[in-house]
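One letter stands for each residue in the lines below.
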Amino acid sequence: MASGGAAVDLEDVQTVDLTSELLRRLKCASKPDKRLVFIGPPGSGKGTQSPVIKDEFCLCHLATGDMLRAAVAAKTPLGVKAKESMDKGKLVSDDLVVGIINEAMSKPRCQKGFILDGFPRTVTQAEKLDEMLNKQGVQIDKVLNFAIDDSILEERITGRWIHPSSGRSYHTKFAPPKVPGFDDVTGEPLIQRKDDNAEVLMSRLEAFHRQTKPVIDYYANKGILANIHAEKPRQEVTSEVQKAVS
Ligand code: AP5
């Protein structure tokens, strides 16, 4: 029954879509597995660079912030628990995020590896991640530290607009949409994240320096850290990231 249903679904898929998916899978088969962590303060460019590397190396992109925002929007029990901390720019509890990452990493789309964007953010999360991966006999290959001065981040954060259903991100100055306020692909309205204002940014930065900076040291001690000059223009950052993960 299940395979019959799948065959009917495939018949409905356009040949051009099937062919491009087949070609994508063939290309991906020759890529080495990669397990990457992108770490950096809010607005440092983790979410901007992740899709490029994800496509190039056939990885899945797991952004804990996006997952938590989806849970908040859907008002799931997890979302209800996370909302208050997120609105204030504080970290949500380690147990909540470790649980969602553990589940997400086991999905088939993560077969060739993953980019963890915004996780781990505390040393406890980093240790739990090591435990999870050890059980599977694998480990993190590279951690990219998006190093940038705090003074650059307010302009990046307050100018960011997103298309909620796709996650596409724009910036009024650095990556403007074709029509101000509307998504280039769907024409739907863009929104600003509730925590993307100067006041909440201050507490997000405080959380980064106090709780996440030690995670950078944790990976430096393991000898798998690469520093990225995240203040550079977007394309130059992409080149640095590509070099660091290749
Ligand atoms: P999360 O969603 O992860 O937010 P964040 O870490 O604060 O990161 P951002 O998404 O703000 O920054 P980004 O580096 O992705 O920047 P982007 O590429 O979009 O987390 C939100 C909240 O969820 C947390 O505060 C916490 O409460 C909770 N949470 C999440 N994970 C958690 C965890 N593990 N544990 C506990 N709590 C957790 O770029 C920003 C803007 O700049 C864009 O508009 C972009 O166009 C522009 N831009 C990017 N690169 C450049 C460039 N090189 N030059 C010019 N402009 C650029």
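All values reported here derive from a predicted model rather than from experimental measurement.

Next up on the list: helix H9 (residues 198-222). For H9, with 25 residues, the first-to-last C-alpha span of 35 Å sits near the 36 Å given by 1.5 Å per residue. The principal kink in H9, of about 40°, is found at Thr-212, preceding the proline Pro-214 by one to four residues. Regarding H9, the residues found buried are Val-200, Leu-201, Arg-204, Leu-205, Ala-207, Phe-208, Thr-212, Val-215, Ile-216, Tyr-218 and Tyr-219. Of the residues one or two after H9, Gly-223 is the one with positive phi, at around 75°.

Our next topic: the site of the ligand. By nearness alone, 35 residues border the ligand, and Thr-48, Lys-90, Arg-121, Arg-160 and Arg-204 come closest of all. Contact between the ligand and Thr-48: an oxygen atom at 2.5 Å from a side-chain N or O atom of the residue. One of the backbone nitrogen or oxygen atoms of Arg-234 is found 3.3 Å away from a nitrogen atom of the ligand. Summarising the interface, the protein chains cover 96% of the accessible area of the ligand, which totals 1,100 Å² for the free molecule. Counting residues per element, the shell around the ligand draws most heavily on helix H4 (residues 64-73), which supplies 4 residues. Split by residue class, the shell around the ligand holds 13 nonpolar, 11 polar and 11 charged.

Taken as a whole and judged by the stated rule, the model has 2 disulfides. Each sulfur of the disulfide joining Cys-28 and Cys-58 lies 1.9 Å from the other. Since a negative S-S torsion denotes a left-handed disulfide, the Cys-28-Cys-58 link at about -85° is left-handed. With Cys-28 in helix H2 (residues 15-29) and Cys-58 in the loop between helix H3 (46-57) and strand S2 (60-63), this pair connects stretches of sequence that are 30 residues apart. The same class applies to Cys-28 and to Cys-58, which are both buried.

Now for the environment of Leu-129. With respect to the element layout, Leu-129 can be found in helix H7 (residues 123-136). For Leu-129, a relative accessible area of 0% puts it in the buried group. If sequence neighbours within four positions are ignored, Leu-129 has contacts with Val-37, Met-105, Leu-116, Phe-119, Pro-120, Ile-140 and Tyr-219.

Another aspect to go through is a nonpolar patch on the surface. Taken together, the side chains of Leu-10, Val-13 and Leu-18 define a hydrophobic patch exposed on the protein surface, amounting to about 230 Å² of accessible area. Here Leu-10 is to be found in helix H1 (residues 2-11).

For the rest of this paragraph, the subject is the confidence of the model for the chain. Taken over all residues, the pLDDT of the chain has a mean of 93, while the share at 70 or more is 97%. Considering only residues more than four positions removed or in separate chains, one finds that residues 1-6, a stretch of pLDDT under 50, has 0 contacts.

Okay, the sheet that holds strand S1 (residues 34-39) next. Reading across from one edge, S2-S3-S1-S4-S7 is the order of the 5 strands in this open sheet, with parallel pairing throughout. Where the open sheet ends on each side, the last strands, each with one partner, are S2 and strand S7 (225-229). Taking each pair of neighbouring strands and ignoring which way they run, the sheet shows an average axis angle of 20°. Where strand S4 (residues 142-147) lies against S7, 5 bridges are found, and the strand directions are parallel. Counterpart to Ala-147 in the pairing with S7 is His-229.

The pairing of S1 with S4 spans 4 bridges and is parallel. Bridge pairing in S4 links Val-37 to Val-143.

Quick notes on the rules
- Residues numbered from 1 in each chain as written.
- Predicted model: local features only at pLDDT ≥ 70, side-chain atom pairs only at ≥ 80, totals over all residues.
- Heavy atoms only, no water.
- Helix = DSSP H or I, 4+ residues; strand = E, 2+ residues; numbered from the N terminus.
- Expected span 1.5 Å × (residues − 1).
- Bend = angle between axes of the 7 residues up to and from the residue.
- Buried < 20%, exposed > 50% of the residue type's maximum accessible area, 1.4 Å probe, protein only.
- Near = heavy atom within 4 Å.
- Polar contact = N/O pair within 3.5 Å; in protein donor to acceptor, adjacent residues only side chain to side chain.
- Areas by Shrake-Rupley, 256 points an atom, 1.4 Å probe, with all protein chains shown as cover.
- Nonpolar A, V, L, I, M, F, W, Y, C, P; charged D, E, K, R; others polar.
- Disulfide = S-S within 2.5 Å.
- Contact = heavy atoms within 4.5 Å.
- Patch = residues over 30% accessible without salt bridge, like charges linked within 9 Å, V, L, I, M, F, W, Y side chains within 5 Å.
- Salt bridge = Lys/Arg side-chain N within 4 Å of Asp/Glu carboxyl O.
- pLDDT = per-residue confidence, 0-100.
- Pairing = 2+ DSSP bridges.
- Axes fitted to C-alpha atoms, helices over the stretch in contact; angles between N-to-C directions.

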